[in-house]
Structure formats: structure tokens, C-alpha cells
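Analysis of the macromolecular model
For reference, the chains in residue letters:
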Amino acid sequence: MKLAFKSNATLSLRGLAQRHGVRAMSTDSSGLKARLMEIMPAKQAALKAMKKDHGHKIVDKVTIDQLIGGARSIKSMLWETSLLDPVEGIRFRGYTIPELQEKLPSYAGPADAGEPMPEALLWLLLCDEIPTKAQADALSAELHARAKLPDHVEPMIRAFPKGMHPMTQLSSAILAMQTDSVFASEYAKGTSKALYWEHTYEDMLNVLARLPEVCALIYRCTYFDGKLGAPYDKSLDYSGNFCQMLGLNDPGFAELMRLYIVIHSDHEGGNASAHTCHLVGSTLSDPYLSLSASMNALAGPLHGLANQEVLGWLLGLQNTLKEKGVEVTPQSITDFAWETLKAGKVIPGYGHAVLRKTDPRYTCQREFALKHLPDYDLFKLVNTVYEVMPGVLTDHGKTKNPYPNVDSHSGVLLKYYGFDQYDYYTVLFGVGRAYGVCAQLFWDRALSLPLERPKSVTSEWLENFIKNNPEGLN
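Everything in this summary refers to the structure shown in the same document. (Residues numbered from 1 in each chain as written. Predicted model: local features only at pLDDT ≥ 70, side-chain atom pairs only at ≥ 80, totals over all residues. Heavy atoms only, no water.)

1. Notes on the packing of helix 11 (residues 238–246) against helix 12 (residues 251–263)
Where helix 11 contacts helix 12, the axes come no closer than 9 Å and their chain directions differ by 120°. Judged by the inter-axis angle, helix 11 sits oblique to helix 12. Helix 11 and helix 12 meet at a crossing whose hand is right-handed. Along the contact surface, helix 11 presents Y238, S239, G240, F242, C243 and L246, while helix 12 presents F253, A254, M257, R258 and I261. Residue composition of the contact of helix 11 with helix 12, by class: 8 nonpolar, 2 polar and 1 charged. (Axes fitted to C-alpha atoms, helices over the stretch in contact; angles between N-to-C directions. Helix = DSSP H or I, 4+ residues; strand = E, 2+ residues; numbered from the N terminus. Parallel < 35°, antiparallel > 145°, perpendicular 65-115°, else oblique. Left-handed = near helix turned anticlockwise from the far one by under 90°. Contact = heavy atoms within 4.5 Å. Nonpolar A, V, L, I, M, F, W, Y, C, P; charged D, E, K, R; others polar.)

Rendered as C-alpha cells:
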């Protein structure tokens, strides 16, 4: 019975792939695939040797607090593309955000001519090397060449019921594109494990290439007349074309979107959206299934949805002060903050699960604002909040990290450029996060990382453990 089921399932998947014209391979027009093929053998050999020679060594211990408290800070994942330090913040392949802004090529050319291109970041995340401008541009062209949506996706988006949250639409649209999965098609044919990375590579670039049009369609159908802001334009880079299709043609917004995608791409593997993609991918689910699951995690109020909540809080603060006839000053913000805290409410945009200093993603957005919109009233408000809030939260004494995180600033920048559809903000976050989780998913396959399966225990087991080990284990 099992063999018959497997055979039928294989035939069904193969037929589905043929029906939708899934290609097993594509040309390597950017040179990225060839470069990865040069890099992989050494990385595969190094990981194999590490497991053989050092696999028995202990790197961490687990407390009951961590076990009950969401596995906080337990070192239990291999994540190649980024590392988060509690004080220093995020490093992408060893580079800080200011270093990315300095070294990665911009759309205009030299790094100092603008914000870094997401295409350049993708090359860095995959290859662990800074690409040239020519390599970044070649990757832009390859993504454009892969961008055609499956025929059934646009009608599905247009048929979504009014009021469906944009993140629900995004997750569903990514799932719908799974009919084009090269990995699923080749797996159904019995492909070699040695080629899993190659099929994952195809899916990774295809889904990233198609996200801008999918997300633009969701935006235009949800809030406007359903017509794209502009036709797909292959002469632009990834961010520029995305912004045009959204209908936001300000060059400043395109620069913001380049920075936005880059800084939201990766935040090591333990955050909910990254971990979800890794977990689902470890079952050999293809990148479409894995990324859709990642977006569902990102949609939670404690994760990506927080950026719109922060903006709502700031707008409420702004309106309250106006109604009271009170100027925005450090004292008025301090008074409002204490009123909020004494009412049992939280200050959104402050605190982080790992960071213990100001989030560098906040800092680079603040510097963008100082450069492009220094006189914007909402920026002046968020800047004043930044001046006083760490002190207030420190005095309050219930926040481990009283400093702002990435969500504390992003909504203000988007609103400045006329982007008032707050429910959509997390979709923009999702476009950025897709870069990081898909790049890591490629390396999950290339390094043959196994199915993730941690051990759980019951509360009864913990009670017995405490009884038998009153001091814990040394």
C-alpha cells in the first residue's frame, strides 16, 4: 500500500509539473550559480570535518527558564548568512549595516552614490563576498528574466475577498506559485540528493524574482483600482521596478526601499520567520512552501506586524498632544510615556529579544531621515521619543532593553513618502525577509542539513527532574 501511494503521488506531482510547464534548469546568466558551484565543495568539506572532529563538544546549556520561555538564546541552529550580537547588532556575512552601505554597489554605481542594492546583498549572502556593480546588475537582469508569474496567480489575487489582510494574500499567492516549483518536480522524478541544492537554487531565484509583481498586485487590488502603477520595467533594478509597479515614483522612495529590503532581509536564524522557513524547509518542503510558512510567522503582532502598531502609537501620540495644545518636547513625551506605562500598556518599538543596545537598523533609518526628511514633523516626534524613552524605560525597570528596534522608525519613513496603507507595511518587510531566508534555505540544501527535530518534555518530566536534581546539572 505504501509503495502504491508513493507511486501515485509521484505521478500526480510529475503530471502537475508538466501541466504547468515547470523547467528543470535555467541558464546562469548572472554567473551566480557558477560561483556557488566553485564555493560549495570547500564549505561542504569543512562542515563534514567539523562534525567528525568536534561534533562531541558542548557549546551551550539549557535552563528551565529557557526551556519554558520559548528557547530564548539557546544555541541550536546553524545559520550561515548573518549573526546577531546583543550589543553590536546584526552582521551580514561579517559586515555591519554601515559597512554594507559603504561597500555594496548602489543603483547609481559607487556605494557612496546611494543605498545598497538588494541584488548585491543577495550575492553577498549566498557567496560570502562583496559583488561588483557588474555582478549586481547581471543578477538584476537574471531576476527580471525569471519574473513571469504563473498564469493562474494574478486572477487568484484579483479574486481575493475585500478585506483579506495583505499578508494573508501574500502567503496564499506564494503557495499558488508552487505549481512552478522545480524542486517539487525534480523530487517527484527521483532526483539525486546531490542535486537538491540546484533545484532549490532555481526556486529561490524564481520566487524572489516574482515577489515584486505579486506584492504590487496585492497593493493595487486592495487599495486602488487593481491596475499596476506602471508596467513591469526590466530597465530598472529590483527596487526601482517594484516601486514603479506600486505607483510610488519618487526616486527617494526607491532609495528607501533599497535600504528597507537590505536591512529587513536577515536577523540570524532564531527569529520566528527565519526559523519557520528553516524548519519547514528541513522537511524537504520546497522554497515556495517554506517561504509561505515564513510569511505566516512574520504576520504575527509580536514579529513583523509590529511596525504598523508602532506607527499607530506615534500617530495617536501626535494627535493627543495636538488636542491638548501641547508642543512636542522631551518633557511632554516623557509625561505621555509615563501615562502609558502606568495604564499598564507598553511602548511599542522599544525592546528586543536579543539586542541590548539601539538596533543598528533603527540607526541607519534615522540617518536616512536626517538626510532626506529632517524637517518632517513625524520624524521630529520619533526623534524626540528616541531622546527620552530609554531613560523612562530604564527608570520603569521592567524592560531588559530600553532602546528602539527596527520597527520604531520604518513606518515614519514610509508615511513621509505618502505610503498610508499601514496594513501593507508587513508585506514590504516580507519582501526583504525573503532574501535572507531563501539564501539560507539554499545553504541548508547545499550543506545537506537534516530534518529539525528537537526534544520536548512535559511539565511532569520537569517536576521529576527538579525533585531528583534540586541543584540542577553541572
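2. Here's the deal with the packing of aromatic side chains
Note on aromatic pairs: each is described by the distance of the centres and the angle between the planes. Per the counting criterion, the structure on display carries 22 aromatic pairs. Arranged with centres 6.0 Å apart and planes meeting at 25°, the rings of F253 and F419 form a pair that is stacked. Note that F253 is positioned in helix 12 and F419 in the loop between helix 19 (407–416) and helix 20 (425–446), a separation of 166 residues in sequence. In this structure F253 comes out as buried when scored by relative accessible area, which is 1%. For F419, a relative accessible area of 0% gives the class buried. Summarising the aromatic geometry, the rings of Y376 and Y416 are spaced 5.0 Å apart at their centres and angled 65° between planes, so their arrangement reads as edge-to-face. Placement of the pair is Y376 in the loop between helix 17 (360–372) and helix 18 (377–396) and Y416 in helix 19, with a sequence separation of 40 residues. The class for Y416 is partly exposed, based on a relative accessible area of 34%. Three or more aromatic residues link up through ring pairs in this structure, and these residues are Y219, Y223, F224, F253, Y376, Y416, Y417, F419, Y422, Y424 and Y425. The ring of W443 carries the charged tip of K43 above its face, separated from the ring centre by 5.8 Å. The ring of F224 has R220 lying over it, and the distance from NZ or CZ to the ring centre is 4.4 Å. (Phe/Tyr/Trp six-rings, centres within 6.5 Å; stacked < 30°, edge-to-face > 60°. Buried < 20%, exposed > 50% of the residue type's maximum accessible area, 1.4 Å probe, protein only. Lys NZ or Arg CZ within 6 Å of the ring centre and 35° of its normal.)

3. Notes on the pattern of salt bridges
A complete count under the given rule lists 19 salt bridges for this structure. The partner of R91 in a salt bridge is E99, with the nearest N and O atoms 3.6 Å apart. Classification of R91 by relative accessible area gives partly exposed; the value is 25%. Relative accessible area serves as the criterion here: at 25%, E99 is assigned to the partly exposed category. Measuring nitrogen to oxygen at the nearest pair gives 2.8 Å for the salt bridge that ties D359 to R361. Assessed through its relative accessible area of 0%, D359 is described here as buried. Taken together, the shared-partner salt bridges connect K33, E142, R146, E198 and E202 into one network. (Salt bridge = Lys/Arg side-chain N within 4 Å of Asp/Glu carboxyl O.)

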